[in-house]
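Each chain, letter by letter, is given below.
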Amino acid sequence: MSTGVLGTDKRGIRELGAEEKVGWDEVSEGVVLNSFEGVAEDIAHKKAEERDYSDFNSYTATVASWRIIKPVYNRDICIDCQNCWVWCPDTSIISRDKQMLGIDYDHCKGCGVCVEVCPTNPKSLLMYSEAADNEEALAGWPQKEKKEKN
Amino acid sequence: MAKEFELNEVEVWDGNYAASQALRQAQIDVVAAYPITPSTPIVENYGAYIANGYVDGEFVMVESEHGAMSGCVGASAAGGRVATATSSQGFALMTEVLYQASGMRLPIVLTVVNRALASPLNVRGDHSDMYLGRDSGWIQIDAYDAQEAYDLALCAFRIGEHLDVRLPVMMHQDGFTTSHKAQNVYPLKDEVAYKFVGDYVPVNDMLDFSRPVTHGAQTEEDWHYEHKAKQHKALMDSRSVIDEVFADFKALTGREYKRVESYMMEDAEVALVLLGSSVETAVLAAKQLREEEGIKVGIVSPRCFRPFPYDLIRETLDTSSLKVVSCLDKSAPGGAMGALFNEVSAAAYTTQARPMMTNYIYGLGGRDFAVDEAKRIMREQKAHADAGHITTPIQQFSGLRGPKLGFFETRRS
């Protein structure tokens, strides 16, 4: 069971479609799905890993099976500007107290937006084949590009 | 707080005005609407009630009927009482969202003023739009005059919002012949009408922040089928709630409605099955024909078009005297027998009587359907009964200029 980069949350703990298949008489009326188990007052002030997400919330599911390229994150270069966190369309950049922690590979679809918006030189995020080894990618990370003088 | 609208014991209202008054009395939270002939006055009047302080809810003017029904879906999912009105092309544009509304089990009330579908463009009444909605998962109830438009619009809220139902409801009336025909209407006082409709009880409302919910989820082959089955079950089971609401309405007003209306069926040898304002015409023709020529004609009308009253149609047609049933469809059948013919025939097939079944297409684009034509059709059915077989094509066009148009002979060896 994966516990994500935070090591404590229920992010991506199951495969999509692994929920119990009940009969027509037990499905919810109008396909209404609860986001959380029970009453969820004050949910906006709780961190994701503290929320009791329901089995029908995609937070707990792995929904990235069709990704073919992935971003690899390089902590040594990152300046924690949070640009990638702001732009990611799938909230798959994990950040706490304005510090980047890494990529949520259970929800990232590999769109590459985070790489596009990364302002460092060299970039702190680069796209690699889904099959690539992250450690090897980090070992071969490109050097800083020098500005060409006119 | 909405002002009370002073009403006389008897008012002279047309079908549109009657429907709009019922919407006002239901104190709807959100009406999202786009005008189209002949239902425009419903939302126009409703806008005036809002402007003049007779309604507390919101009126949202949208860019199209697709937007109108989408706004209704959003407002209903948010947890409000919601309604709108439309006709014809507007109904067609709403169609995609109609399926969303029923699948999401949102009890929206849609007052439809039936009108033909283009092409050719036509603003007059036929049942093309009503038929277009018949697989959409909505409850469909048909009003034949202005009083019924008022009464059934009130009932529509009670039925759809019932916690055992939670399905959207269309309340139909015929374009112009009902929507624009003024007649005496006996309205309820505001307080009485609202008490009948009752307070709206939200279910899984999105504005309940303590229980965040997802509406309109995607399901593929592993869940979709179960959800559609459950939805169909709710629609089928709504029959008993409809009966219950009609019974309550009768207790309150003395006016009785049934899922299947029938007239003079006790000893009928010949029956006509039809919908809408034509029912009155057919009843009048049947009475005259009984007196003038002794032909025993009965009239049957599935006031509740969806869920289709298979049970009551079968019951109504299962008499020993009945020999021929003719179903009259006021919608271009598009390369098939009329829908009413197909559905009533399926129910009749399971009766002991097993009457002969014929089909007429009539009244398309507002073509008048008069007593004389109704009588002609009835006499033709009597001739089948006397001959012991169908003597004409099974499907015929009534009131059509040019050579007779009909399809399929009975096979007899």
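Residues numbered from 1 in each chain as written. Chains lettered and ligands numbered in written order. Predicted model: local features only at pLDDT ≥ 70, side-chain atom pairs only at ≥ 80, totals over all residues.

1. Quick look at the domain arrangement of chain A
For the record, the criterion: Each domain span listed reflects an automatic or database assignment of domains.
Entries for chain A in the domain assignment read domain 1 (1-63) and domain 2 (66-139). Placing a centre on the C-alpha atoms of domain 1 of chain A and another on those of domain 2 of chain A gives a separation of 24 Å.

2. Description of the packing of helix α1 (residues 15-25) of chain B against helix α6 (residues 146-161) of chain B
All names here are of chain B. This is how the line gets drawn: Axes, fitted as lines to C-alpha atoms, cover a helix only where it is in contact. Angles between the N-to-C directions of the axes lie from 0 to 180 degrees. Runs of H or I in DSSP of at least four residues are treated as helices and runs of E of at least two as strands, each being numbered from the N terminus. Between 65 and 115 degrees an angle is taken as roughly perpendicular, under 35 as roughly parallel, over 145 as roughly antiparallel, and anywhere else as oblique. Crossings are classed by handedness, with left-handed meaning an anticlockwise turn of the near helix from the far one by less than a right angle and right-handed meaning a clockwise turn. For every residue pair, C-beta atoms are placed from the backbone, and the pair is scored as a contact if these atoms sit within 7 Å. Put simply, Ala, Val, Leu, Ile, Met, Phe, Trp, Tyr, Cys and Pro go in the nonpolar bin, Asp, Glu, Lys and Arg in the charged bin, and everything else, Gly too, in the polar bin.
At a minimum axis separation of 8 Å, α1 and α6 run at an interaxial angle of 25 degrees. By the criterion of interaxial angle, the relationship of α1 to α6 is roughly parallel. Here α1 and α6 pass one another in a crossing that is right-handed. Here Gly15, Ala18, Ala19, Gln21, Ala22, Leu23 and Gln25 of α1 come into contact with α6, specifically with Ala146, Gln147, Ala149, Tyr150, Ala153 and Leu154. Broken down by class, the residue content of the contact of α1 with α6 amounts to nine nonpolar, four polar and no charged.

3. A word on unusual backbone geometry
Short version of the rule: Three exposure classes are used, based on other C-beta atoms lying within 10 Å of a residue's own C-beta, which is placed from the backbone: buried for 20 or more, exposed for 12 or fewer, and partly exposed in between.
Of note, the bond from Asn121(A) into Pro122(A) is cis; its omega dihedral lies within 30 degrees of zero at 0 degrees. Its place among the elements puts Pro122(A) in the loop between α2 (113-117) and β7 (125-129). That bond from Thr37(B) to Pro38(B) is cis: its omega, 0 degrees, falls within 30 degrees of zero. Within the element layout of this structure, Pro38(B) appears in the loop between β2 (30-33) and α2 (40-51). The backbone phi angle of Gln82(A) is positive, close to 75 degrees, even though this residue is not glycine. You can see Gln82(A) is positioned in the loop between β4 (69-73) and α1 (83-87). Its identity is not glycine, yet Phe408(B) carries a phi of approximately 70 degrees, on the positive side. Within the element layout of this structure, Phe408(B) appears in the segment after β17 (406-407). Note on Phe408(B): 13 C-beta atoms within 10 Å, which makes it partly exposed.

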